[in-house]
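# Inside the fold
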Amino acid sequence: MEDSRIVQLYWDRNEQAIPATSEKYGNYCAPIARNILGNSEDTEECVNDTYLHAWNAMPPHRPAVLSTFLGKITRNLSFNRYQHNTAQKRGGGETMVVLDELAEIVSDTERVEQVVDRRELVRAMNGFLGRLPSGKRSIFICRYWYFDSISDIALRFGKTENHISVILNRLRKKLHDYLCERGFEL
Amino acid sequence: MRKEEFCEVFGGINENYVKEARTASKSKKTLWVKWAAAAACLTAVIAGAATGLTNLDRQPGDTPPASSAFENSGRPQGTESPAAVILSMEDIAVNEISGFVDAARKWYDPALYDSVVWDEEDILGYYGKDLVPAYIPDGLTASPQNGSASVIIGKDGSVALDTVWLNFYHDYYEDGSPKLTEEVSALKGFVLTASKIGLMNDCVYLLPEDEVKVSDIGGTPVTFGYRRAPYGPYDPETHEPSGYFDMYVAEFEFEDIQYQILAEQMELEEVVKVAASIISGEESILINE
């Protein structure tokens, strides 16, 4: 079913919207949740919650790209669940390793006087990503947006795991420098 | 900032990049399968069997690179996005440009010619297709003036001047003219010029005409040019510019229409994608590094 038709089902408050979404995008959302959470029970719950959130968001929202709209909800829900689980000492997928890598970009401390404008930060991130060749940009996003494992990314892009790690390492350093040059105190 | 917060903020990046990341990786898999299939077909050719490799054949006299710069990846499973076209930047040759010259402008005798403004429908009727490229880079938008073109028509109905300019820039003034960027006082985006009769300006390449390198995009020869263009303000004493920015040009003829893309402050990769989208008609153009 076309995306516009699925979105219209939500707008019509037609419950067929949920199975239509699940059929088309279940296999897109589930790996995102699984990468973050690392267990099938939480994954299933987060994917189901994704549809509920989509139901609550549409209307009034009309997403331009349905796949990434749903993916973003899944990512947010899964990440929240991960943080909840971590507080209760329950492990989770790739997230801990991914976060440790991201710690190279930020100070990983919470300073009261430090207020970062999130919208400006996203804009700067987009500026950085926009300057990368599409291949490297996609590798970076696979790792830090989709939480894909290094081995999965290596397989997808036909490179060795070591090569992917080197690319990511350099890109993290570049992003850190890029943001610092633009005055972000991370 | 906590790493968790940074990770959350990263979730808000441009969704086109997010989509691209999945399409790119999926398509590479598909491409691999396709190359494997092509290799199998090639074996069959050697064995004397008929095959369907005609798309990869090259004609004598062509000046394409060694490998194909155009593959269709097919439709990713589970989505209804259009088929993606895959290009390799290794197959793209860029020639240095020393400048541009305007072809001599003709004067049209009002007794013999009329100046006419074509609207969108007229342009579509004359060219037989929508000239807007299927792929427009992020951050660029169509000028509000794009829907019309001033042309010259003879009293006998013949078209004497048919050039259409389409602007795609990052921002516009109220009158529709593109804005300069703040950091670099130059335009950011591209103008697409199209004509069946002939383009109104020419690139002056540093190389002799017969040595200018041509790239092959889907069987269409495309000439790419590059110029390190200066921008002002200029130093009043030394006349040195404030700096330089990248200017790329892509020129080609496709389906009897001559095209020129003049891009300022754009990556070469993006210019290649725009050209490939005109030739393929596909929006999804992937660059295979």
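The paragraphs below set out a description of the structure included in this document. (Residues numbered from 1 in each chain as written. Chains lettered and ligands numbered in written order. Predicted model: local features only at pLDDT ≥ 70, side-chain atom pairs only at ≥ 80, totals over all residues. Heavy atoms only, no water.)

## Overview of the environment of Tyr244 of chain B
Residue and element names in this part refer to chain B. Inspection of the secondary structure assignment puts Tyr244 in strand β13 (residues 243–254). In this structure Tyr244 comes out as partly exposed when scored by relative accessible area, which is 38%. For the pair Tyr244 and Val184, spaced 60 residues apart in sequence, the C-alpha to C-alpha distance is 8.4 Å. (Helix = DSSP H or I, 4+ residues; strand = E, 2+ residues; numbered from the N terminus. Buried < 20%, exposed > 50% of the residue type's maximum accessible area, 1.4 Å probe, protein only.)

## Here we look at helix α1 (residues 3–10) of chain B
For α1 of chain B, every residue scored as buried is listed here: Lys3, Phe6, Cys7, Val9 and Phe10 of chain B. Along the long axis of α1 of chain B, the arc covered by the buried residues comes to 160 degrees, so they all point the same way. (Arc of directions from axis to C-beta.)

## Points about the nonpolar core
The biggest cluster of nonpolar side chains holds 70 residues, and the ones touching the most others in it are Leu121, Leu129, Ile141, Leu179 and Leu186 of chain A together with Phe6 and Phe10 of chain B. Among the elements that take part in this core, helix α2 (residues 17–37) of chain A stands out by supplying ten residues, more than any other. Both domain 1 (3–93) and domain 2 (96–181) of chain A contribute no fewer than three residues apiece to this core. Excluding its chain neighbours within four sequence positions, the residues that come into contact with Leu121 of chain A are Val116, Leu179, Phe184 and Leu186 of chain A together with Met1, Phe6 and Val9 of chain B. Membership of the second largest hydrophobic core comes to 40 residues, among which are Leu140, Ala149, Phe224 and Ile278 of chain B. (Core = buried A, V, L, I, M, F, W, Y, C linked by side-chain atoms within 4.5 Å. Domains from an automatic or database assignment. Contact = heavy atoms within 4.5 Å.)

## With respect to the pairing of β13 of chain B
Residue and element names in this part refer to chain B. Counting buried residues in β13 gives nine out of twelve residues, a clear majority hidden from the surface. Relative to strand β14 (residues 257–264), β13 is paired through eight bridges, and the arrangement is antiparallel. Each bridged residue has a counterpart across the sheet, and for Val249 the counterpart in β14 is Leu262. The loop that links β13 with its antiparallel partner β14 comprises two residues; one of these, Glu255, has a positive phi angle of about 50 degrees. (Pairing = 2+ DSSP bridges.)

## Considering the pairing of strand β8 (residues 164–169) of chain B
Residues and elements named next belong to chain B. Of all six residues making up β8, five are buried, and the element is well covered by its neighbours. In this structure, strand β5 (residues 141–142) lies alongside β8, joined through two bridges in antiparallel fashion. Note that in β8 the partner of Thr141 across the bridge is Tyr169. With six bridges connecting them, β8 and strand β9 (residues 189–195) associate as antiparallel partners. From the neighbouring strand, Trp165 faces β9, where its bridge partner is Thr193.

## Overview of the interface of chain A and chain B
Each side of the interface is counted separately: chain A has 50 residues, and chain B has 32 residues. Summed over both sides, the interface between chain A and chain B buries roughly 4100 Å², with carbon and sulfur atoms accounting for 58% of that surface. Its largest share of buried area at the contact with chain B, chain A owes to Asp108, Arg118 and Arg156 of chain A, together 15% of the area lost on that side. The partner of Arg118 of chain A in a salt bridge is Glu5 of chain B, with the nearest N and O atoms 3.6 Å apart. Viewed at the interface, chain B and chain A are joined by eleven residue pairs in polar contact (both at pLDDT 80 or more). Counting only elements with at least two residues in the side of chain A that touches chain B, the list comes to α2, α4 (66–87), α5 (95–102), α6 (118–130), α7 (134–144), α8 (150–157) and α9 (161–181) of chain A. Per-element tally for the side of chain A that touches chain B: the top contributor is α7 of chain A, with nine residues. Classifying every residue of the side of chain A that touches chain B by side-chain character gives 27 nonpolar, eleven polar and twelve charged. (Buried area = accessible area lost by both parts, 1.4 Å probe. Salt bridge = Lys/Arg side-chain N within 4 Å of Asp/Glu carboxyl O. Polar contact = N/O pair within 3.5 Å; in protein donor to acceptor, adjacent residues only side chain to side chain. Nonpolar A, V, L, I, M, F, W, Y, C, P; charged D, E, K, R; others polar.)

## Some details on the sheet that holds strand β6 (residues 149–154) of chain B
All names here are of chain B. Spatially, β4-β6-β7 is the arrangement adopted by the three strands of the open sheet, whose pairing is antiparallel. Both outer strands of the open sheet, β4 (113–118) and β7 (159–161), are each paired with one neighbouring strand and no more. Pairwise comparison of adjacent strand axes, ignoring direction, gives a mean angle of 40 degrees for this sheet. Along the sheet face, helix α3 (residues 120–127) touches β4, β6 and β7 and points at about 110 degrees away from the line of β4. (Axes fitted to C-alpha atoms, helices over the stretch in contact; angles between N-to-C directions.)

None of this, on its own, says anything about what the molecule does.
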